[in-house]
Amino acid sequence: MNEQNIRWDDLQIIAAIADTGTLSGAGRRLGVSHATVFRRLTNLENQLGVTLFERSRTGYSASAAGEDLFAVAKRVQTDITGAERRLAGKDLKLSGTIRVTTTDTLFAGLLAKPFDTFRTDYPDIKLEVVISNQVQSLSKREADVAIRPTDNPPETLVGRKVGVIRQSVYGQRQHWQNEQTPLQTLTGHLWIGPDNHMGNRALETWMARNGLDEFSHYRVDSMLGMQTATRSGAAVAVLPDYLGEVDPELCRLTDSIGELDIPLWILTHPDLRRVKRIREFTQVIGECLRKRLG
């Protein structure tokens, strides 16, 4: 095998096929067609004189040579990503792109307006917002900044706690007529709960502990969905106060539930914390969140 003939784009092909197990999956990851992936893989195998992947009806699995090149690809990618972070760290201008990851609920309830204001105040900075309830990797540059609720922020990231998200029980205003109601009196009422796929273990545990599961025959897999469902009928639900308090169709029925308090963090990779645009963004947005959640 002649390693001098191996280029970085060859390694990208190897990594994409090894990760996805199919040519079509690799093509989607790289933004090229299935046929292009097949042609480039065939050319590379012919060039090196080795079989890199075993073909079967279930997909492509790396041979010993393929696994070797896949390991090389991962090392090279780590080096490239590290270099990109270090170079980005030397950027002292208030320009460029900031890629931010956050949840749909936080974006809708807390961040959309501050982000728009930031864009107006800093017109040379481009914002790319990744709306996802899945954690994006800041180490792999999938995002530059993460704004997420968590009790345990990763030790590999740096940032600050910008507030505490508090949650209460809410109901449709027309049905409840703004009446404050002790939680105990709501136990036998109809409840809207989180679906298992939502991944809100704290809320699931709280509802089970308070005997509310048997009254929750309506489950939704997003907090925004739970908010919409609560507006639409007599059932009640636990919602973040930053969503429920500003919704004119809802009213708060209980005090905030201390057991469900969760810190909100704004985080970035250590290599990016001195980038001027990142530092400015985290300070400005962090201050907006502190005022709103305070």
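Residues numbered from 1 in each chain as written. Predicted model: local features only at pLDDT ≥ 70, side-chain atom pairs only at ≥ 80, totals over all residues. Heavy atoms only, no water.

Undergrad: Can you help me understand the environment of P248 in this one?
TA: Examined against the element boundaries, P248 turns out to sit in the loop between α9 (241–244) and β11 (250–252). In sequence terms P248 and Q47 are 201 residues apart; their C-alpha atoms lie 67 Å from each other. (Helix = DSSP H or I, 4+ residues; strand = E, 2+ residues; numbered from the N terminus.)

Undergrad: Honestly, the sheet that holds strand β10 (residues 237–240) in this entry has me stumped. Any pointers?
TA: Whether parallel or antiparallel, the strands of a sheet pair through hydrogen bonds between backbone atoms. Spatially, 3 strands are ordered β10-β7-β11 in an open sheet, and the strand pairing comes out antiparallel. A strand with exactly one partner marks an edge of an open sheet, and here the two such strands are β10 and β11. Across the sheet, the axes of successive neighbouring strands diverge by a mean angle of 50°, strand direction being ignored. Here helix α8 (residues 223–231) sits on the sheet in contact with β7 (167–172), β10 and β11, set at roughly 125° to β10. (Pairing = 2+ DSSP bridges. Axes fitted to C-alpha atoms, helices over the stretch in contact; angles between N-to-C directions. Contact = heavy atoms within 4.5 Å.)

Undergrad: How should I be thinking about the packing of aromatic side chains in this particular structure?
TA: Geometry of an aromatic ring pair is reported as the spacing of the ring centres plus the angle between the planes. Per the stated rule, a full pass over the model turns up 6 aromatic pairs. Residues F118 and Y122 carry aromatic rings whose centres are separated by 4.5 Å and whose planes lie at 25° to one another, so their mutual orientation is stacked. Assessed through its relative accessible area of 1%, F118 is described here as buried. Y122 gets classed as buried once you look at its relative accessible area, which sits at 16%. Looking at K74, its charged tip hangs above the ring of F70, at a distance of 4.7 Å from the centre. (Phe/Tyr/Trp six-rings, centres within 6.5 Å; stacked < 30°, edge-to-face > 60°. Buried < 20%, exposed > 50% of the residue type's maximum accessible area, 1.4 Å probe, protein only. Lys NZ or Arg CZ within 6 Å of the ring centre and 35° of its normal.)

Undergrad: Looking at this structure, how should I read the side chain of Q172?
TA: Here Q172 lies in strand β7. The buried category is assigned to Q172, whose relative accessible area is 16%. Not counting residues up to four positions away in its chain, the partners in contact with Q172 are T230, R231, S232, G233, E249, L250 and C251.

Undergrad: Help me understand the sheet that holds strand β5 (residues 145–149), please; the structure alone is not making it clear to me.
TA: Reading across from one edge, β4-β3-β5-β12-β6 is the order of the 5 strands in this open sheet, with mixed pairing throughout. Strands at the two margins of the open sheet, each flanked by one partner only, are β4 (125–131) and β6 (158–165). Going from strand to strand, the sheet's axes swing by 20° on average, the running direction of each strand aside. Here β5 runs beside strand β12 (residues 262–268); their pairing, made up of 5 bridges, is antiparallel. When the sheet's bridge partners are listed, V145 is paired in β12 with T268. Its contacts with the sheet place helix α5 (residues 104–121) against β3 (96–102), β4, β5, β6 and β12, and it is angled at close to 175° to β4. Sitting on the sheet, helix α10 (residues 276–293) touches β3, β4, β5, β6 and β12, and the angle it makes with β6 is about 15°.

Undergrad: How should α10 be read in this particular structure?
TA: Each α-helix winds once per 3.6 residues, and so residues spaced three or four apart point in a common direction. With 18 residues, α10 ought to run about 26 Å at 1.5 Å a step, and its terminal C-alpha atoms sit 25 Å apart, in line with that. Those residues of α10 that sit buried are R277, I278, F281, T282, I285, G286, L289 and L293. One side of α10 carries all its buried residues, which in axial view fall inside an arc of 145°. (Expected span 1.5 Å × (residues − 1). Arc of directions from axis to C-beta.)

Undergrad: Explain helix α7 (residues 201–209) to me, please; I cannot follow it from the model alone.
TA: Among the residues of α7, those classed as buried are L203, E204, W206 and M207. The arc enclosing the buried residues of α7, seen along the axis, measures out at 165°, which places them on a common side. Against β8 (192–194), α8 and β10 lie the buried residues of α7. Of the residues flanking the end of α7, it is G211, one or two places downstream, whose phi is positive at about 70°.

Undergrad: I would appreciate a short explanation of the side chain of T268 in the present structure.
TA: Looking at the element boundaries, T268 is found in strand β12. Of note is the side chain of T268, whose polar atom sits 2.7 Å from the backbone oxygen of D144. (Polar contact = N/O pair within 3.5 Å; in protein donor to acceptor, adjacent residues only side chain to side chain.)

Undergrad: So what exactly am I meant to see when it comes to the nonpolar core here?
TA: Nonpolar side chains in soluble globular proteins tend to end up buried together. Grouped together as the largest cluster of nonpolar side chains are 50 residues, with contacts concentrated most on I147, W191, W206, M226, L264, F281 and I285. Residues in contact with L264, not counting those within four places in the same chain, are L106, L110, I147, R148, P149, R160, K161, V162, G163, I165, L289 and L293. Grouped together as the second largest cluster of nonpolar side chains are 20 residues, A15, V37, L41 and F53 included. (Core = buried A, V, L, I, M, F, W, Y, C linked by side-chain atoms within 4.5 Å.)

Undergrad: Explain the packing of helix α1 (residues 8–20) against helix α3 (residues 34–48) to me, please; I cannot follow it from the model alone.
TA: If you want to describe how two helices pack, look at the angle between their axes and the distance between the axes. Put simply, α1 and α3 touch, their axes get as near as 10 Å, and they point 115° apart. As judged from the angle between their axes, α1 and α3 are roughly perpendicular. For α1 against α3, the interelement crossing comes out left-handed. Counted together, D9, D10, I13, I14 and I17 of α1 and V37, R40, L41 and L44 of α3 form the full contact between these two elements. (Parallel < 35°, antiparallel > 145°, perpendicular 65-115°, else oblique. Left-handed = near helix turned anticlockwise from the far one by under 90°.)

Undergrad: So what exactly am I meant to see when it comes to the confidence of the model for the protein here?
TA: Any region with low pLDDT has predicted coordinates that should not be read closely. In the predicted model, the protein carries a mean pLDDT of 87, and 91% of its residues have values of at least 70. Across the protein, the secondary-structure element scoring lowest on mean pLDDT is helix α4 (residues 64–88), at 77, and the one scoring highest is β10, at 97. (pLDDT = per-residue confidence, 0-100.)

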